[in-house]
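# Fold and geometry: a report
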Amino acid sequence: MDKTCSIMCVTYNRVHLTKKTFESLFKSIHTPFRLIIVDNNSTDNTEDFLFELKETLKNNTLCKSYDAHFNVENYGIGGGRNQCLKIANKYNDKYLSTIDNDVDFSNNNNWLEDCIDFIDANPKFSIGINLEEVNYPIKEFNHKKIAFKDKGNLGTACTVFSRKMHEDIGFFLKFGKYGLEDSNFFLRSRVAGYQMGYLPTPGIHLGKGNEDIGEYREFKTNEQKKHMQDFIKECNLYSTRRKSIKLPYSCPDEKEPKKTICEIY
């Protein structure tokens, strides 16, 4: 069985964390994958680094393709996630993964294989690496153990879900430039009958502490507050089935990209 997974990442600045993320990522993957990156018009050296990745991946025997899409403006994390999914759809891989550009995978060697194996045994689940400050109870499903999360959502900093789930619920809903799109996405997955959890070993979040203060932290907090009422309204509509849980592709005000990379290895 082909277990290729399309790994999707949205980047915006913080190239020092992006470099650490991908160095760690490539060491932790031992199954075929594609890498799909959407950059939201970074103003640091992210673009140069993503072009360098093209050469790095030529020597990675597990990488089947590399797509990088460089936006002319910042469409937010929800818009970028949708662009990633749209690119991934041309490959039609059975497994899809979202990651952020501030994750260290060194605690979770084989995380992708473990997530795929769990979904194979439990098709109505999505699963990821826990970057929250909460420990969830370990439970077993079809002889596979996870930290089971019976409420809420998975953080899209590192998740794996099936193409079937994507087909059932569609794309992300954009709430401004940051936040709540993951909560909305996984709420809809719950309405569709999917459960969720994390691998038993927590991960390492690089983007916290001194990386999450000042203007950046204020921006994220304000974005979430600004759109919270809209988020609650949407939740009520899905929960009562007054709105379809399957959302079409959307990236408001999308323009032609500055550049694109599409490499098949």
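Anything mentioned here points back to the structure above.
Residues numbered from 1 in each chain as written. Predicted model: local features only at pLDDT ≥ 70, side-chain atom pairs only at ≥ 80, totals over all residues. Heavy atoms only, no water.

### What to know about the environment of aspartate 230
We count it as follows: Every helix listed is a DSSP run of H or I at least four residues long, and every strand listed is a run of E at least two residues long, numbered separately from the N terminus.
Locating aspartate 230 in the fold gives a position in helix 7 (residues 214–239). Between the C-alpha atoms of aspartate 230 and phenylalanine 161, which are 69 residues apart in sequence, the distance is 25 Å.

### Remarks on the sheet that holds strand 2 (residues 33–39)
The test is simple: Pairing between strands requires that DSSP locate at least two bridges from one strand to the other. With axes taken as lines fitted to C-alpha atoms, and helix axes fitted only over the stretch in contact, angles between N-to-C directions fall between 0 and 180 degrees.
On the basis of which strands lie adjacent, the open sheet formed by 10 strands has the order 7-8-10-6-9-4-1-2-3-12 and mixed pairing. Across the chains shown, the open sheet's two edge strands, defined by having one partner strand only, are strand 7 (138–141) and strand 12 (259–264). On average, each strand axis in the sheet is inclined to that of its neighbour by 25°, with strand direction left out of account. In the sheet, strand 3 (residues 63–70) pairs with strand 12 via 6 bridges, with the strands oriented antiparallel. Bridge assignment links phenylalanine 70 to a residue of strand 12, and that residue is lysine 259.

### Considering the pairing of strand 3
Using the following cut-off: Note on exposure labels: buried denotes an accessible area under 20% of the residue type's maximum, exposed denotes more than 50%, and partly exposed covers the range between, all computed with a 1.4 Å probe on protein chains only. We call a crossover right-handed when, viewed with the strands running away from us, the connection from the first strand over the helix to the second turns clockwise.
Taking burial as the measure, the 8 residues of strand 3 include 7 buried ones, the bulk of the element. Strand direction decides the pairing type here: strand 2 and strand 3, joined by 7 bridges, are parallel. Note that in strand 3 the partner of isoleucine 36 across the bridge is aspartate 67. Following the chain from strand 2 across helix 2 (residues 46–58) to the adjacent parallel strand 3, one finds a crossover that is right-handed.

### Concerning the pattern of salt bridges
Test applied: Basic side-chain nitrogens of Lys or Arg form a salt bridge, by our definition, when they fall within 4 Å of a carboxyl oxygen of Asp or Glu.
Taken as a whole, this structure holds 20 salt bridges when the rule is applied. Aspartate 102 is the partner of arginine 14 in a salt bridge, and the nearest nitrogen-oxygen pair spans 3.3 Å. One end of the pair, arginine 14, is in the loop between strand 1 (5–11) and helix 1 (15–28); the other, aspartate 102, is in the loop between strand 4 (95–99) and strand 5 (103–104), and 88 residues separate them in sequence. Of the two residues, arginine 14 and aspartate 102, neither departs from the other in class, the shared state being buried. One salt bridge connects lysine 226 with glutamate 223, and the closest N-O pair in it is separated by 3.1 Å. Highlighted residues: lysine 226 and glutamate 223, both in helix 7, separated by 3 residues, approximately one helical turn. The network of salt bridges with shared partners includes Lys3, Lys94, Asp117 and Asp120.

### Remarks on the packing of helix 6 (residues 181–191) against helix 7
Test applied: An angle below 35 degrees is treated as roughly parallel, one above 145 as roughly antiparallel, one from 65 to 115 as roughly perpendicular, and anything else as oblique. Handedness of each helix crossing follows the sense of rotation of the near helix against the far helix: counterclockwise by less than a right angle gives left-handed, clockwise gives right-handed. Here, two residues are considered to be in contact whenever any of their heavy atoms come within 4.5 Å of each other. Any residue that is not Ala, Val, Leu, Ile, Met, Phe, Trp, Tyr, Cys, Pro, Asp, Glu, Lys or Arg is counted as polar, Gly included; the first ten are nonpolar and the last four charged.
Relative orientation of the contacting elements helix 6 and helix 7 amounts to 10°, with a least axis distance of 10 Å. One finds that helix 6 runs roughly parallel with respect to helix 7. Along this stretch, helix 6 crosses helix 7, giving a crossing that reads as right-handed. Across the interface between the two elements, Ser183, Asn184, Leu187, Arg188 and Val191 of helix 6 pack against Phe231, Glu234, Cys235, Tyr238 and Ser239 of helix 7. Here the residues of the contact of helix 6 with helix 7 sort into 5 nonpolar, 3 polar and 2 charged.

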